[in-house]
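Listed below, chain by chain, are the residues.
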Amino acid sequence: MSTSNANFKNKCVTQVNCIFCESLLCTRGMKAVLLADTEIELFSTDIPPNRTVDFVASCYSTESCKCKLRDIACLKCGNVVGYHVVAPCKPCLLSCNNGHFWMFNSEAVSTLNRLDVTGLNLLLWGDLPELDDSENEESESPLEEECIR
Amino acid sequence: MAVVPDSGVLTFSIFKWSSYSSTYLPENILVDKPNDQSSRWSSESNYPPQFLILKLERPAIVQSITFGKYEKTHVCNLKKFKVFGGMSEENMTELLSSGLKNDYNKETFTLKHKIDEQMFPCRFVKIVPLMSWGPSFNFSIWYIELHGIEDPDVVQPCLNWYSKYREQEAIRLCLKHFRQHNYTEAFESLQKKTRIALEHPMLTHLHDQLVLQGDFDVCEELIDKAVRDGLFNQYISQQEYKPRWSQIIPKCNKGDGDDNRPGMRGGHQMVIDVQTETVYLFGGWDGTQDLADFWAYSVQENQWSCISRDTEKESGPSARSCHKMCIDSQRRQIYTLGRYLDSSVRNSKSLKSDFYRYDIDANTWTLLSEDTSADGGPKLVFDHQMCMDSEKHMIYTFGGRILTCNGSVEDSRTSEPQFSGLYAYHCHAGTWSLLREDSCNAGPEDVQSRIGHCMLFHTRNRCLYVFGGQRSKTYLNDFFSYDVDGDHVEIISDGTKKDSGMVPMTGFTQRATIDPELNEIHVLSGLSKDKDKREENVRNSFWIYDIARNNWSCVYKNDQTVKENPGKALQEEEPCPRFAHQLVYDEMHKVANAHMFPGGSCSPTEVMWCSLSVFSLARFEEKAQSEPLSALKYLQNDLSLTVDHADPEETKEFQLLPSALFKSSSDFIPLGFSDVDQTYAQRTQLFDTLVNFFPDSMTPPKGNLVDLITL
């Protein structure tokens, strides 16, 4: 998925806006690269963006790995701005990552580095308070009976 | 002079809008730029009312509307919308109610532009989005084009007709108002001057006899004649079916143990012989093992009889469930094909698809084939469908999941399930032909196979109708027909446009039957999966599909799930929702028997029409005011005869009637300006009720002048 654990405390907290309609998407973004293809830059966040995006279409997987993904779109303009990792695959989960499951495509967003309380320094992820890890994953339908009789 | 006027693109401008968000202005719909995500109108929210009102440069006949799209699918596309049109902003009529597919293709829809074959013009067109493909997202429209006729030579006469039509309807409303209030002179004067008819002469005569003369006998004759002349047929055909469940409790003779009725089971099969009104039941699964018992139920006698406790012992099929049967009523033969084998026994038992026929009169089983697959027919399948074509002596089977041998336990889970295609069996020759293979292609003649679907054969138009079903984890919504003589597939609905609530929910274990005479398909649904709620609920719902009109209507829906009301009395009124049940249809007697333990049936209700009782009641009520004693005698003697005392509703209504004898006439409040008395008012009300049964072309306008007045 993304960069290693040790580094992320020093990363900047970015504000993420929709590039199409300029509405605010998220205030806790982190610039990262895709594990599967380090050429691809994106912005990730840990908490589900609230009331700014919603899911579109259904789950899918890419060729690079077996992670189950689902696209998200900006609620204001309906354009796809990123995706959510519904269920990570084993290899990705075991490798180093920042533990974020919500991603924004860099071409779909415009970002701003946030400043800390003083207004003089950049706000870093290390400065942010810890969060409860309460992910709201999709529940799969239970294994269905082969034949109903 | 049959010159078809040219239809062209109409020029319009944006007149009004409900809202817009960001840079997504209404004007953007005038431009078609599919690759620009900003070239659209987008509402500010999806809270109603949201709309766009377009103003045409000139009044025109608006014949069609085209929606442009974005180059990719987009959640803001309109899943549901309505289009209105009219000559003025306040006075618009609905021209279209539909939805867009969520793709990148332009879509064109025909708009209503005629009233009774006469074209009418519009100056304003209003587009009202109702739902987008992503329920939480706003509405977007990318591009709009309107097509129609602008030529003044064509439009002007239509405008003239439209004005004249409005004028005429206004006068008719006045006439109706005058007559209701007995302003006789005004009525006659207006009618004489304009020569406009308020209604068909027959109804004028009825009004005269009923309201003015109060001659109920003549009125009865007039209504009787109307019924005989078929004038009420349009009304009757539009009436909804009313479901009526009645539990069938078969007779059991004294001394018989539990053996005189089939035990509880699922995955069994039932067929009905409509000629002898006998239902045949074979096989099934009792929770522990497959069954091989064979029963017949006589509808007339209301009694089960066991034909065989174990058909295998009589050269018939071994115990099985999830097989399919069909009956050839003409030749009095029953066929059975397919069965389900648990994965644990699939390796040990033979996977040959045996095919049997039972001759009712000879009471013998014949093995037609040890393995239909070897004969060019289907492999061993379960949850398939089978239909009988008695006329050409053919059997059609489609779908079902093919049972395969497992290499190991792991393999059975991960291997792709295979589904069986469409096959025909020529009974006379005893041969099979493959008509359509299972195909995931979307060609016009391709069919996708599935399990748990419904398939019915229409004996009149000689088509197979297939709908619903499941393919692995996907629930299929499509509906297609197959012309058996022409070898042609016709897609009725590809299942992408879904109006939730307007068509049966994607369900599994739907059971359907067909009536070729009424041209209807009846569907009873058990287990159904509500895509939005993501639960699987067992609920009863009964739907009727009108083949000619291509529309579904829900006759009955039980919204309660099994868990919600375990102890409720509902279970006594109707069978509790269930699945793996069976449904047979007696098309001769128009009764559907849903074989559900303990059993149930429902029938369409006839229109409750009794002209005699309507006039008898009117007579009674008028007498009650003037001659109470005579009215009482009338009630006890004449009226009582017309009541069905076995019907609790009718009896209750009858018992309430005597209260009219004690009502004082001061209950009636005369309206300020007219001299209408209670009798006149009641008779007018009765007339208005009777008018509803006649076709609209004969009746006065439905509205009333006073309703146009707003505070």
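Cut-offs and rules
Residues numbered from 1 in each chain as written. Chains lettered and ligands numbered in written order. Predicted model: local features only at pLDDT ≥ 70, side-chain atom pairs only at ≥ 80, totals over all residues. Heavy atoms only, no water. Helix = DSSP H or I, 4+ residues; strand = E, 2+ residues; numbered from the N terminus. Buried < 20%, exposed > 50% of the residue type's maximum accessible area, 1.4 Å probe, protein only. Contact = heavy atoms within 4.5 Å. Areas by Shrake-Rupley, 256 points an atom, 1.4 Å probe, with all protein chains shown as cover. Patch = residues over 30% accessible without salt bridge, like charges linked within 9 Å, V, L, I, M, F, W, Y side chains within 5 Å. Salt bridge = Lys/Arg side-chain N within 4 Å of Asp/Glu carboxyl O. Pairing = 2+ DSSP bridges.

A. Examining the overall build of chain A more closely. Secondary structure assignment for chain A yields 1 helix and 8 strands. Along its sequence from the N terminus, chain A presents helices and strands in the succession β-β-β-β-β-β-α-β-β. Looking at chain A residue by residue over its 149 residues, the buried ones come to 42%. A sequence separation of at least 24 residues applies to 55% of the contacts in chain A between residues at least 6 apart. Counting every atom, chain A has about 8500 Å² of accessible surface; 53% of that belongs to carbon and sulfur.

B. Inspection of a nonpolar patch on the surface at higher detail. Residue and element names in this part refer to chain B. Together, Trp17, Tyr20 and Leu25 make up an exposed nonpolar region whose accessible area comes to about 260 Å². Inspection of the secondary structure assignment puts tyrosine 20 in the loop between β2 (12-17) and β3 (41-42). The exposure class of tyrosine 20 is partly exposed, given its relative accessible area of 35%.

C. Just the pairing of strand β5 (residues 68-74) of chain A, in detail. All names here are of chain A. Counting buried residues in β5 gives 5 out of 7 residues, a clear majority hidden from the surface. Pairing between strand β4 (residues 53-55) and β5: 3 bridges, direction antiparallel. What sits directly across from valine 53, in β5, is cysteine 74. Summarising the sheet, β5 and strand β6 (residues 80-87) pair through 6 bridges and their orientation is antiparallel. In the sheet register, alanine 73 faces β6, and the bridge partner there is valine 80. Counted between consecutive antiparallel strands, the loop separating β5 from β6 contains 5 residues, among which glycine 78 sits at a positive phi close to 80°.

D. Just the pairing of strand β19 (residues 355-359) of chain B, in detail. Residue and element names in this part refer to chain B. The pairing of strand β18 (residues 333-337) with β19 spans 5 bridges and is antiparallel. Residue leucine 337 lies in a different strand from β19, and its bridge partner there is phenylalanine 355. Relative to strand β20 (residues 364-369), β19 runs antiparallel, the two sharing 5 bridges. For tyrosine 358, the partnering residue across the bridge sits in β20 and is tryptophan 365. Taking the residues that link successive antiparallel strands as the turn, the β19-β20 hairpin has 4 residues, and the phi of asparagine 363 there is positive, at about 50°.

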